[in-house]
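Descriptive structure summary
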Amino acid sequence: MTCYSRLEVLRILRISSRQLLGWERAGLIPFKEDYSFPDLVQLRTLKELQHLRMRPGSIRNSVQAMQAVSGMSNPLQEFAVVRTGARLAFRHSGIMVDPIRRQLLFDFESTGGPHGVTVAMLPPARTAGGPDRELQKLFLQAVQAEEQGRKPAAMEFYRTILAVDPAYTAALINLGTLHYHQKQYARAEELYRRATQADPSYVLAFFDLGNVLDELQRPDESIAAYARAIALAPGYADAHYNLALAYERKGERRRALAHWQTYIRLDKSGPWTDHARSQIRKLLSREKLTITHRTNSFHPQPHRSVSLLELVRPASA
């Protein structure tokens, strides 16, 4: 296999050593002395994204989310990359995926909000031939049936897949989602939990489990599921949004505030961002009213971490 030195890479791609080092420090490519041709492809992709003014942190968040949902180690090499706003989408087998918003797109626009479980996701990476190849074909047939509105046919495809491979996580998730939309929440929970057990690193399984637990009015379990999704993919904006909602319903306003603030850092525009900003304003207003009713003898406990809310003081304080 042909290898290229760092100097050759800089010359071929016409990038600076500082730029290459910046990508390495951002975790977008490992530090190397010699590079393969696939490495050059990945570096060229990063160069093109830089020209589109994509921030390294946004690229990293999208790549990590795609690794989580696809099982592939290097999405920048194994998928075609498309910019969608401040994030990346990945093309594979004629399908475009936004892994952070967990949308699988054909030629239509999804209108679901962060709390909704939207369309299907890609199956995890599997071997190139044999039964796995056939299951992948069935999976794509199921997704296409969903897109065409043939939900019973899609459900039958997913059941056929799971009869052969009970741990096929993407089929578990998508069948669970169909039951979720039919308000069959107990069945959806069962399928989502099976997905988390089959692949404990599958971010979507925990996110969707949190959604159905919300519907079942089990807030503590829902919060735990969203928190696990965020632990696996810290840049998963929708999980921060739903976790903020869950904390608000429990009256834990300060915890909700932290996740609203994280959400608007990750998703800077759109109707859901406007709602998040509105909630932040409401929570800060309520907190200030609470502070004005404290007695003069109130003092924060020493040596405790100070929350973001405690840093916000009325102008008269």
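Residue positions are given per chain, counted from 1 along the sequence in the order it is written. Given that this is a predicted model, residues contribute local features only at a pLDDT of at least 70 and side-chain atom pairs are listed and counted only at 80 or more, while totals for whole chains, interfaces and linings are drawn from all residues. Hydrogens and water are ignored here; the side-chain numbers use all heavy atoms of the structure.

1. Thoughts on the overall build of the chain
When helices and strands are tallied, the chain shows 14 helices and six strands. For the chain, the proportion of its 317 residues judged to be buried stands at 45%. Note on contacts: a residue pair qualifies if any of its non-hydrogen atoms lie within 4.5 Å across the two residues. Restricting to contacts in the chain with at least 6 residues of sequence separation, those with at least 24 account for 53%. Accessible surface, the chain: about 16500 Å² in total, of which carbon and sulfur atoms supply 52%. Per the convention used, a helix needs a DSSP run of H or I reaching at least four residues, while a strand needs a run of E reaching at least two, with both numbered from the N terminus. Here the term buried applies to any residue with accessible area under 20% of the maximum for its type, exposed to any over 50%, and partly exposed to those in between, with areas from a 1.4 Å probe on protein chains only. Working definition of accessibility: Shrake-Rupley area with a 1.4 Å probe, residue cover restricted to the visible protein chains.

2. What to know about the packing of helix α10 (residues 203-215) against helix α11 (residues 219-232)
At their nearest, the axes of α10 and α11 sit 8 Å apart, and the two run at 160 degrees to each other. Here α11 runs roughly antiparallel to α10, going by the angle between their axes. Read as a crossing pair, α10 and α11 show a hand that is left-handed. Contacts between α10 and α11 pair Val203, Phe206, Phe207, Leu209, Gly210, Asn211, Leu213 and Asp214 from the former with Glu221, Ser222, Ala225, Tyr226, Arg228, Ala229 and Leu232 from the latter. Only C-alpha atoms enter the line fits that serve as axes; for helices the fit covers just the stretch in contact. Angles between N-to-C directions range over 0 to 180 degrees. Angular relationships are summarised with four words: roughly parallel below 35 degrees, roughly antiparallel beyond 145, roughly perpendicular across 65 to 115, and oblique for the angles in between. Each helix crossing is assigned a hand: it is left-handed if the near helix lies turned anticlockwise from the far helix by less than a right angle, otherwise right-handed if that turn is clockwise.

3. As for the environment of Leu46
Looking at where Leu46 falls in the secondary structure, it is placed in helix α3 (residues 37-51). A sequence separation of 17 residues divides Leu46 from Ile29, and the C-alpha atoms of the two residues are 9.4 Å apart. Sequence-distant contacts of Leu46, defined by excluding residues within four places in its chain, comprise Trp23, Leu28, Ile59 and Leu76.

4. Quick word on helix α7 (residues 151-164)
Look at α7: 20 Å from first C-alpha to last across 14 residues, which is about the 20 Å you get at 1.5 Å a residue. Residues of α7 that are buried: Ala154, Met155, Tyr158, Ile161 and Leu162. Take α7 and look down its axis: the buried residues cluster within an arc of 120 degrees, on one side only. Seen from the buried face of α7, the exposed residues on the opposite side, beyond 90 degrees, are Pro152, Ala163 and Val164. One less than the residue count of a helix, multiplied by 1.5 Å, gives the span that helix is expected to have. Think of it as the arc spanned by the lines of direction from the helix axis to the C-beta atoms.

5. Details of the nonpolar core
Here the nonpolar core consists of buried residues drawn from Ala, Val, Leu, Ile, Met, Phe, Trp, Tyr and Cys, with membership extended through side-chain atoms lying within 4.5 Å. Ranked by size, the top nonpolar core spans 56 residues in total, and within it Tyr158, Tyr168, Val212 and Trp260 carry the most contacts. In this structure, Leu10, Leu13, Ile15 and Trp23 belong to the second largest nonpolar core, which totals 23 residues.

6. Topic: helix α1 (residues 6-13)
Where α1 is concerned, the buried positions are Arg6, Val9, Leu10 and Leu13. End-on view of α1: buried residues confined to an arc of 100 degrees, all on one side of the axis. Seen from the buried face of α1, the exposed residues on the opposite side, beyond 90 degrees, are Leu7 and Arg11. In the segment just after α1, Arg14 is the residue with positive phi, at about 60 degrees.

7. A look at a positive patch on the surface
A cluster of basic side chains, namely Arg55, Arg253, Arg265, Lys268, Arg277, Arg281, Lys282 and Arg286, defines a positive patch on the protein surface. Elements with a minimum of two residues in the positive patch: α13 (253-266) and α14 (271-292). Among the elements that take part in the positive patch, α14 stands out by supplying four residues, more than any other. For Lys268, the location among the structural elements is in the loop between α13 and α14. Patch building starts from residues that exceed 30% relative accessible area and form no salt bridge, then joins like charges within 9 Å and nonpolar side chains (Val, Leu, Ile, Met, Phe, Trp, Tyr) within 5 Å. Whenever Lys or Arg places a side-chain nitrogen within 4 Å of a carboxyl oxygen from Asp or Glu, that contact is recorded as a salt bridge. In this tally, Asp and Glu contribute negative charge and Lys and Arg positive charge; neither His nor the terminal groups of the chain are included. Charge coordinates come from a single atom per side chain, which is NZ of Lys, CZ of Arg, CG of Asp or CD of Glu.

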